[in-house]
Amino acid sequence: MKSAVLITAMVLGLVGLAGSADGSPLTWNTCLSPCCYYSLTSSVRIVSGGNPSGSTEADVVFTFQALEDATKTIVTRGFESQNTDGTGNAVKAEIKIWGGGLGVNSSTYPASSDEGSPDHAVDNHGPDEFIVYELPADNTKPLSFKIGWKYSDADIKTWIGGALSLDLLDLLALGTFNWNQGNTLVSSYGFVAESFSNVVENTAQSFTNDAVGRYLVIGAQSGSDNQDYFKVLQLTASVPVPEPALPVLLWLGLLGVTAQAARRRRTRRSRTRAAASR
């Protein structure tokens, strides 16, 4: 009985220790296929894109499959700040896809939502524009991103964090989330921010903060010269995978059963000898 209790305790302990580990890097190309500006090694996999039924241009989303694993998808959506200095609430904007990558059409500046070049890029000319990526799983670790096009300059800021329970896409879409140059994500939701200056086209920009989360936000740097325009070409990330605890548990269970059987055999032999000696 004691051994059975001990085995049960060990099994429960292993279950408690079972977690997840970083998986192999995955890549999402987020441009029109074939990409007009660069010859990428693999094709672009767009699962879906466009307006949900009965919605406006600001409700556009794009879903992309990872090149290495089609079951791992990211969902992207465009937003902008309410005010031209990056303050105020977050406002839905139209995400666009081009040969150079993903851009954003402002819904408020200029008055037309059909911005011309270069304003259909992610930019800070007027409101600060940004793209939200819903990643495949909680604790996903973004590794790097590339831009495929820029105009003038490309000073970029990113934010990583959150879990699926946060539902950041819906939260921002309400129009009542105080964007405040992205500072609310850091102060109220624990996101980690990182800045990239003078980003070069088709060159991987590696994240150095080791942050993980369900969401990645990429936007034009607020408070710079208001002349930053770029399109996001590619994203790489490591998606967590469960550690293989089950084989260990099976092995432990088999070991316990074997030990119990051996103990029963020894007990029977002892009783047989005792009976024979009488």
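Residues numbered from 1 in each chain as written. Predicted model: local features only at pLDDT ≥ 70, side-chain atom pairs only at ≥ 80, totals over all residues. Heavy atoms only, no water.

Colleague: It is not clear to me how the nonpolar core should be interpreted in this structure. Could you clarify?
Modeller: Among soluble globular proteins, nonpolar side chains are generally buried collectively. One finds Trp-28, Tyr-133 and Phe-230 to be the most contacted residues of the largest nonpolar core, which totals 34 residues. Looking at this core element by element, the count peaks at five residues for strand β14 (residues 228–242). (Core = buried A, V, L, I, M, F, W, Y, C linked by side-chain atoms within 4.5 Å. Buried < 20%, exposed > 50% of the residue type's maximum accessible area, 1.4 Å probe, protein only. Helix = DSSP H or I, 4+ residues; strand = E, 2+ residues; numbered from the N terminus.)

Colleague: What is the right way to look at the side chain of Thr-140 in this model?
Modeller: The topology assignment puts Thr-140 in the loop between β8 (129–134) and β9 (141–152). Residue contacts for Thr-140: discarding those within four places in its chain leaves Leu-135, Ala-211, Val-212, Gly-213, Ala-237, Ser-238, Val-239 and Pro-240. (Contact = heavy atoms within 4.5 Å.)

Colleague: Help me understand the pattern of salt bridges, please; the structure alone is not making it clear to me.
Modeller: Pairing is possible between side chains of opposite charge, provided their charged atoms come close. Per the stated rule, a full pass over the model turns up five salt bridges. For Asp-69, the salt bridge goes to Lys-72, with nearest N and O atoms at 3.3 Å. The exposure class assigned to Asp-69 is partly exposed, which follows from its relative accessible area of 25%. We classify Lys-72 as partly exposed; its relative accessible area is 23%. (Salt bridge = Lys/Arg side-chain N within 4 Å of Asp/Glu carboxyl O.)

Colleague: Would you mind going over the packing of aromatic side chains with me for this structure?
Modeller: For any two aromatic rings, the description comes down to two numbers: the centre-to-centre distance and the angle of the planes. With the rule as written, the count across this model stands at ten aromatic pairs. Here Tyr-151 and Tyr-229 contribute two aromatic rings whose centre-to-centre distance is 5.4 Å and whose plane-to-plane angle is 80°, an arrangement assigned as edge-to-face. Here the residue Tyr-151 occupies a position in strand β9, and Tyr-229 occupies one in strand β14, the gap between them amounting to 78 residues. Take Tyr-151: its relative accessible area is 44%, and that puts it in the partly exposed class. In this structure Tyr-229 comes out as buried when scored by relative accessible area, which is 4%. In textbook terms, an aromatic cluster arises when at least three aromatic residues are bridged by ring pairs, as seen for Phe-79, Phe-130, Trp-159 and Trp-179. (Phe/Tyr/Trp six-rings, centres within 6.5 Å; stacked < 30°, edge-to-face > 60°.)

Colleague: In this structure, what is going on with the pairing of strand β10 (residues 156–161)? I would like to understand it.
Modeller: Remember that side chains alternate between the two faces of the sheet whenever the strand is regular. Of all six residues in β10, six are buried; the element is thus mostly enclosed. The side-chain alternation of β10 yields two buried faces, one formed by Ile-156, Thr-158 and Ile-160 and the other by Lys-157, Trp-159 and Gly-161. In the sheet, β10 pairs with strand β11 (residues 192–196) via five bridges, with the strands oriented antiparallel. Bridge pairing in β11 links Ile-156 to Phe-196. (Pairing = 2+ DSSP bridges.)

Colleague: Help me understand the confidence of the model for the chain, please; the structure alone is not making it clear to me.
Modeller: Detailed conclusions should not be drawn from predicted coordinates in areas where pLDDT is low. Scored by pLDDT, the chain comes out at a mean of 81, with 69% of its residues at no less than 70. In the model, residues 4–18 has pLDDT below 50 throughout and makes twelve contacts with residues more than four positions away in sequence or in other chains. (pLDDT = per-residue confidence, 0-100.)

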